[in-house]
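# Summary of structural features
Listed below are the residues making up each chain.
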Amino acid sequence: MDFIQRAIDKARDQRKPDIAPAPSPAAAPGLNRLADTAITYTQTRSVRPKPDHLLRERIVAAFDSDKRAEPYRQLRTQVLRRMREKQWRTLAVTSPNSHAGKTLTALNLAISISREVNQTVLLVDLDLRNPTVMQKLGIQAEFGLMDCLEKRCELKDVLVNPGFERLVVLPSLPGTSHRSEILSSPTMTTLLQEIVNRYDSRIVVFDLPALLDDDDALAFTPFVDALMLVVEDGSSSRGDIERALLLMQGTPLLGTVLNKVR
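Residues numbered from 1 in each chain as written. Predicted model: local features only at pLDDT ≥ 70, side-chain atom pairs only at ≥ 80, totals over all residues. Heavy atoms only, no water.

## Some thoughts on the overall build of the chain
Under the convention used in this document: Helix numbers and strand numbers start at the N terminus; a helix is a DSSP run of H or I with at least 4 residues, a strand a run of E with at least 2. The buried label applies to any residue whose accessible area, calculated with a 1.4 Å probe on protein chains only, is under 20% of its type's maximum; exposed applies above 50%, and partly exposed to all values in between. By definition, residues are in contact when any of their heavy atoms lie within 4.5 Å. Values of accessible area rely on a 1.4 Å probe in the Shrake-Rupley scheme; residue burial ignores everything except the protein chains shown.
In terms of helices and strands, the chain carries eleven helices and eight strands. When burial is assessed residue by residue, the chain has 55% of its 262 residues classed as buried. Restricting the contact set of the chain to residue pairs at least 6 apart, pairs at least 24 apart contribute 81%. Carbon and sulfur atoms provide 47% of the accessible area of the chain, an area that totals close to 11600 Å².

## Side note on empty space enclosed by the protein
Gaps left between atoms are located by rolling a probe of water-molecule size over the structure's atoms. Our working definition: Using a 1 Å grid laid over the protein atoms alone, points where a 1.4 Å probe fits but cannot get out form a cavity; open sets with protein on both sides within 12 Å along at least 5 of 7 lines form a pocket; any residue with an atom within 4 Å of a point counts as lining. Grid points are joined across faces, edges and corners, and a volume is the space filled by probe spheres set on the points. Charged residues are taken to be Asp, Glu, Lys and Arg, nonpolar residues to be Ala, Val, Leu, Ile, Met, Phe, Trp, Tyr, Cys and Pro, and polar residues to be all remaining types, Gly included.
Within the structure shown, the criterion is met by one cavity of 30 Å³ or more. The calculated volume of the largest cavity comes to roughly 30 Å³. As for the largest cavity, its lining consists of Leu122, Leu155, Leu159, Ile195, Arg198, Tyr199 and Arg202. Residues belonging to the lining of the largest cavity are distributed by class as follows: five nonpolar, no polar and two charged.

## What to know about the pairing of strand 6 (residues 202-207)
Remark: a regular strand shows side chains that alternate across the two faces of the sheet. The following threshold applies: Only strands joined by at least two bridges in the DSSP assignment are considered to pair.
In terms of burial, strand 6 is largely enclosed, as six of its six residues are buried. Sheet topology note: the strand 3 (residues 120-125)/strand 6 ladder contains six bridges and is parallel. Each bridged residue has a counterpart across the sheet, and for Leu122 the counterpart in strand 6 is Val204.

## As for helix 4 (residues 102-114)
Heads up, the rule is: Helix span, expected: 1.5 Å multiplied by one less than the number of residues in the helix.
With 13 residues, helix 4 ought to run about 18 Å at 1.5 Å a step, and its terminal C-alpha atoms sit 18 Å apart, in line with that. Counting buried residues along helix 4, 13 of its 13 residues qualify, which places the element largely inside the surrounding structure.

## Some points on the confidence of the model for the chain
Rule in force here: A residue's pLDDT is the predictor's confidence in that residue, given on a scale from 0 to 100.
Confidence in the prediction of the chain, expressed as mean pLDDT, is 84, and 82% of residues score 70 or more. This model gives residues 14-37 a pLDDT under 50, and the stretch forms 81 contacts once residues within four places in sequence are excluded.

## Some remarks on the side chain of Thr44
Structurally, the position occupied by Thr44 is in the loop between helix 1 (2-15) and strand 1 (45-46). Residue class for Thr44 comes out buried when judged on its relative accessible area of 16%. Apart from the residues lying within four places of it in its own chain, the contact partners of Thr44 are Lys156, Leu159, Val160, Asn161 and Val168.

## Points about the packing of helix 3 (residues 70-86) against helix 4
What counts, and what does not: Helix axes are fitted to C-alpha atoms over the stretch in contact, other axes to C-alpha atoms as well, and angles between N-to-C directions run from 0 to 180 degrees. By definition in this entry, angles of less than 35 degrees are roughly parallel, angles greater than 145 are roughly antiparallel, angles of 65 to 115 are roughly perpendicular, and the rest are oblique.
Where helix 3 contacts helix 4, the axes come no closer than 9 Å and their chain directions differ by 75 degrees. Considering the angle they form, helix 3 stands roughly perpendicular to helix 4. Residues Tyr72, Arg73, Leu75, Arg76, Val79 and Leu80 of helix 3 form the contact with helix 4, whose participating residues are Leu104, Thr105, Asn108, Leu109, Ser112 and Ile113. Partitioned by chemical class, the residues of the contact of helix 3 with helix 4 number seven nonpolar, three polar and two charged.

## Section: the packing of aromatic side chains
So the rule is basically this: Classification of ring pairs uses Phe, Tyr and Trp, with its six-membered ring standing for Trp, and accepts pairs whose centres are within 6.5 Å; under 30 degrees between planes counts as stacked, over 60 as edge-to-face, and the remaining range as tilted.
Tallying each qualifying case throughout the model produces two aromatic pairs. With a centroid separation of 5.0 Å and an interplanar angle of 65 degrees, the aromatic rings of Phe206 and Phe220 are classed as edge-to-face. With Phe206 in strand 6 and Phe220 in helix 10 (residues 216-220), this residue pair connects regions lying 14 residues apart in the sequence. Seen in terms of ring centroids, Phe220 and Phe223 are 5.8 Å apart; in terms of plane orientation they differ by 35 degrees. Their pairing is tilted. Taking the relative accessible area as the measure of exposure, Phe220 reaches 0% and is therefore buried. An aromatic cluster is defined as three or more aromatic residues linked by ring pairs; in this entry it consists of Phe206, Phe220 and Phe223.

Here's what the structure looks like:
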C-alpha cells in the first residue's frame with residue numbers, strides 16, 4: 001500500500017538504515033536437514049526441534065535449500081555489515097503493533113546469523129506478556145528469564161540450544177507481572193551486561209513486544225545498540241508507523257522490514 005511505502009521511505013530518510021525490506025516467505029518447496037551441531041554444549045540444554053514443526057511455523061532459515069530463506073540471508077549480511085561498522089553488539093526487533101511477524105523475523109534472522117562460522121548469537125525472548133519464541137521452535141522451556149532474575153535458577157539452566165550451531169535462546173515464560181519495571185531494573189541491566197560481554201563474537205537479538213501495545217518495549221530500548229522495525233504490509237497504518245518512529249527516537253534504527261508482502 002502507498003501509505004506504507006511512504007512511511008518506510010520517511011524512516012529511511014530520517015535514520016539512513018542499511019537494510020532492504022524482506023518479504024515474508026510462504027510455503028516451503030522442499031525440506032533439507034538441519035545444520036549439524038559441531039559445538040558441544042556441556043552446560044546449556046540442547047533440544048533439536050522437529051523439521052515439520054519448523055515448516056509449519058515458517059522458520060525457513062532452518063533449511064539449507066529453502067529458497068524462502070534467501071531474503072533472511074540477505075538481511076543477515078546487511079545487518080552484520082552495519083553492526084560491525086558501528087561495533088554494535090545488541091539488536092532489538094519490534095513492530096508498531098502485534099501480529100506483524102517480528103518474532104518470525106527475529107528467529108529467522110538469528111538462525112541465519114548463526115550460520116556465520118565466526119559469529120555466535122543469543123536470541124532473547126523479551127515479549128514477556130506473550131512469549132512465543134519457544135512455541136515457534138516447538139520446544140518446551142523448563143525455566144524462563146524471570147526464574148533467572150529472581151534467582152530461582154542460574155543463567156545456564158535457562159539457556160537452550162535449539163539444534164543450530166552457534167545459536168542459543170534465552171526464553172521467557174508467560175505470566176510475568178510488572179513487565180516494564182522488570183525490563184528497566186538494575187537486575188536486568190546486570191544480566192544484560194553478563195550475556196553481552198561473555199563472548200566477544202556474540203550478537204544478542206532481543207524479541208521485544210510491539211511498541212504501541214504497552215510501554216514494555218519503550219522501557220528497554222535505551223539498553224540496546226540498535227532497533228529493527230517490522231511493518232506488516234496492508235495492516236500497519238501510516239499513523240501507527242509514525243508514532244512508533246517517534247517512540248524510537250534516541251535509539252538508532254538499523255532498518256525497516258516490510259513483512260507479509262503478497
